[in-house]
Amino acid sequence: LLDTGANVTVTEENLEQFGVIGSAYMSKMYGIEQPRVGLLNNGAEEHKGTPLHTEAHQLLKACPDINFVGNVEGNQVMSSVCDVLVTDGFTGNITLKMLEGMGKFFMSTLKGMYKKNFLTQLSAAAVKDQLMGLKKQFDASEHGGAPLLGLSKPVIKAHGSSDALAFRNAVKQAMDAAKADFSEDLENALKALTEDKTDD
């Protein structure tokens, strides 16, 4: 998800750049050959959204350096329709925090259901490993932080409410990022985008 708060106000060119560097990051860090890029919007149709969204849609669609799959609605964010989701930092931050809040709410509700009586506690014991796996997926502390892409060196931004586990995972994430040395890949991807525009 680019951006999650660093750039609150963006241009359509910024959204295109987010798609390019997001693709380069996913390729380098996760081995995805042609990451699918989506634009967070209030509808699937090309004409939906503000002028920023419609113009960004056209730029992303025409960009030869990415695999653009179109607009992605809010209810599709968690359904794996894309590998890279681009939006402005204001909307991205709200989306991220809403998902974190929903994760906490969901896990709290599930915990309450399983603690209700002896039978529900017994059934919880039967699926304990699966529940712990689910908790890890929803727990922001398990992920550490978010990389600030586009800088010359890897920087991981931890959540303001990070606990010791989150910091440990953020440090691990920073070490992985330093080993992968993806900054040069992102820089080259942006240079290629600029060269494509100059050639046009």
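Residues numbered from 1 in each chain as written. Predicted model: local features only at pLDDT ≥ 70, side-chain atom pairs only at ≥ 80, totals over all residues. Heavy atoms only, no water.

Caption draft 1: Quick look at the environment of Thr11. Mapped onto the secondary structure, Thr11 falls in the segment before α1 (12–30). Since its relative accessible area comes to 34%, Thr11 is described here as partly exposed. A sequence separation of 150 residues divides Thr11 from Ser161, and the C-alpha atoms of the two residues are 30 Å apart. (Helix = DSSP H or I, 4+ residues; strand = E, 2+ residues; numbered from the N terminus. Buried < 20%, exposed > 50% of the residue type's maximum accessible area, 1.4 Å probe, protein only.)

Caption draft 2: Main features of the environment of Thr198. Structurally, Thr198 can be placed in helix α7 (residues 183–199). Along the sequence, Thr198 and Met107 sit 91 residues apart, while their C-alpha atoms lie 50 Å from each other.

Caption draft 3: View of the pairing of strand β1 (residues 36–40). With four of five residues buried, β1 lies mostly within the body of the structure. Note: β1 against strand β2 (residues 67–72), five bridges, orientation parallel. Following the sheet pairing, Leu40 is matched in β2 by Val72. The handedness of the β1 to β2 crossover, carried by helix α2 (residues 51–62), is right-handed. Where β1 meets strand β3 (residues 84–86), three bridges bridge the pair, whose relative direction is parallel. When the bridges of β3 are listed, Gly38 appears paired with Leu85. (Pairing = 2+ DSSP bridges. Right-handed = clockwise from strand over helix to strand, strands pointing away.)

Caption draft 4: Representation of α1 within the structure. If you check α1, its first and last C-alpha atoms are 26 Å apart, about what 19 residues at 1.5 Å a residue would give, namely 27 Å. Of all the residues in α1, the buried ones are Glu12, Leu15, Glu16, Phe18, Gly19, Val20, Ile21, Gly22, Ser23, Ala24, Tyr25 and Met26. Those residues of α1 hidden inside the fold are in contact with β1, α2, β3, β4 (145–147), α6 (164–180) and α7. Directly beyond the C-terminal end of α1, a positive phi value near 70 degrees is found at Gly31. (Expected span 1.5 Å × (residues − 1). Contact = heavy atoms within 4.5 Å.)

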